[in-house]
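# Survey of secondary and tertiary structure
Here is how the chains run, residue by residue.
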Amino acid sequence: MAQTEAEMWAGLAKSDEAGQLVYSGPAQDPREAIAREMYDRGWDDLGFLGVGSGYYQGSAIGLALLIQCADVKARDISKAEMLQWRRNGRGWQMVEPRKGEVAYHLMTKPNGTAMTWPEFWRMVVLHLEVAQNAYVYTPRDREDTIEEYIPIMPGRARMRVSDRGNIFYEIVAATEYERAALGDTYLIVPEHEMIHLRGRLLDGVNGLSNLALGAPNLDLLSAIGRYQTKLFGNDGKQPLVFETKEGFPNSDQGEASFRRLKDQLREAARRANSSGEAILLEAGLTAKPIAINSKDAESKDSFTQAVMRICGLMDVPPHRIYALEAVAYNNMSAMNRQYVNDCLMPLAVNIETKFRNHSLPEDEWPIFSLQFDRSALMSNDPDTLEKLIKAGMSSGLMTFDEGREVMPFRLNPLKKGGDQRTVPVNMSLVDADGVVVHAATGQNPTQPGAGEGESPDNNAGKAGPRLVHTAGAA
């Protein structure tokens, strides 16, 4: 860490002998040790993700796959826009954005830097999925209104509990961007100014890192990678041993023959490695490899299984990272459906709930909700989304404009007829007592307002209507 001018002057001590200022090293501030400890966590050991050390050097291949899986979820969440909704009876109505309110923040930009909301969500979800911990610093003004949402690397923040039981967070800025966003190098902030998203919880405080949980699979992938590197680095050649059934006489002549043959074989092996020249054997010699080959070691199958386990650990279908060995067209749709329902939606709900509880007063939690655009999340399962839109349009649950709005590419409302909808013709309209208000097509066409043997006058003063299916209707 570069020493600032203030730190230099703080390290100057007055000499009693000469009465002059003498530099005596950095100031002994306890924050300095904390800042240096957290600053030193960088790409070398992935400490910036709060996952400990040693993983990057030994498991580069597995780490790349794990981050690729995490980025799939981060990319899918970033597709969806988070909106604020207000409860209206049993329904919900979108809140119009006004400056200074949460809805305005969610529709403009998260903080004062050039970061956009898709970039913000992609960064936060990547941290959450890899380290199972994500931090967002939310400084507040005097009126306790959130001014910014600033994502913090997991390794740059940590929780501390005071003697009175109050929770605080220490934040260290290690890069120029972090210093520009935070406005300082070291901060201690109260709990209500920090959003701490936790994933797989064990102790109730921090999430269990996927890197730590998946260490055995990462080690296996690393071992396979090292084996393949050595194999291809040697042009696929394996160590050989030469053997013969004919022995050498136990004499000086036999010893000389053995040494001469050994030197010839060494030179032949050297030429074979350098120029590919074939080794010609004689005197009954045979060559046998002494190392297991790639096929016998089943390295390809082992690698594929390890990749599948990494995908299972990260809750991501293999075909989303283009691992297509165990994927077919007949099961891809089911995998997409499971991914959206069991993986993506719970992740979105966790983030939504945490942001709502942190950004809104507790008395407004039952009234307001923060929610990602569900149609954008379901675009990862296009078959189910198509069926829902088709069923809603054909059954009368959606108007034309409502169906066009929930489509992933959001079509504009129609100029005319957008508020209309289609209803099945074999449905009759009846009231709460079962009396037919309007008959279905083909039933008593001369009196469309009544059923068989009934008069329209009998329907006066009845309760509200409801739709029922009429068996045998045309």
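These remarks concern the structure in this document. No experiment lies behind these values; they were computed from the predicted model shown.

Rules behind the numbers
Residues numbered from 1 in each chain as written. Predicted model: local features only at pLDDT ≥ 70, side-chain atom pairs only at ≥ 80, totals over all residues. Heavy atoms only, no water. Salt bridge = Lys/Arg side-chain N within 4 Å of Asp/Glu carboxyl O. Helix = DSSP H or I, 4+ residues; strand = E, 2+ residues; numbered from the N terminus. Buried < 20%, exposed > 50% of the residue type's maximum accessible area, 1.4 Å probe, protein only. Axes fitted to C-alpha atoms, helices over the stretch in contact; angles between N-to-C directions. Parallel < 35°, antiparallel > 145°, perpendicular 65-115°, else oblique. Contact = heavy atoms within 4.5 Å. Nonpolar A, V, L, I, M, F, W, Y, C, P; charged D, E, K, R; others polar. Pairing = 2+ DSSP bridges. Expected span 1.5 Å × (residues − 1).

Taken as a whole and assessed by the stated rule, the structure comprises 11 salt bridges. For Asp71, the salt bridge identified is with Arg75, shortest N-O distance 3.9 Å. Of the two residues, Asp71 and Arg75 are both situated in helix 4 (residues 60–79); the distance of four residues between them amounts to about one turn of the helix. For Arg158, the salt bridge identified is with Glu170, shortest N-O distance 2.9 Å. Of the two residues, Arg158 is situated in strand 7 (residues 157–161) and Glu170 in strand 8 (residues 167–172); the sequence distance between them amounts to 12 residues. In this structure, Arg158 and Glu170 share a single accessibility class: buried.

A word on the packing of helix 4 against helix 13 (residues 329–359). Where helix 4 contacts helix 13, the two axes come as close as 11 Å, and the packing angle between them is 70°. It follows from the interaxial angle that helix 4 and helix 13 lie roughly perpendicular. When helix 4 is examined against helix 13, the residues Val72, Lys73, Asp76 and Ile77 are found in contact with a partner set consisting of Tyr339, Cys343, Leu344, Leu347 and Ala348. Residues of the contact of helix 4 with helix 13, tallied by class, amount to seven nonpolar, no polar and two charged.

Residues in a regular strand project their side chains so that they alternate between the two faces of the sheet. Pairing of strand 3 (residues 82–88) with strand 13 (residues 368–372) involves five bridges; the strand directions are antiparallel. Across the sheet, the residue bridging to Trp85 is Ser369, located in strand 13. Pairing between strand 3 and strand 4 (residues 91–94): four bridges, direction antiparallel. Note on strand 4: the bridge partner recorded for Trp85 is Met94. Linkage of strand 3 to strand 4, two consecutive antiparallel strands, is achieved through a turn of two residues, within which Gly89 is found at a positive phi near 70°.

Before going further, it helps to examine helix 6 (residues 117–131). Taking 1.5 Å as the rise per residue, helix 6 with 15 residues should run 21 Å; its terminal C-alpha atoms sit 21 Å apart, in good agreement. Taken together, the buried positions of helix 6 are Trp117, Phe120, Trp121, Val124, Val125, His127, Leu128, Glu129, Val130 and Ala131. Where helix 6 terminates, the next one or two residues include Gln132, which has phi positive at roughly 60°.

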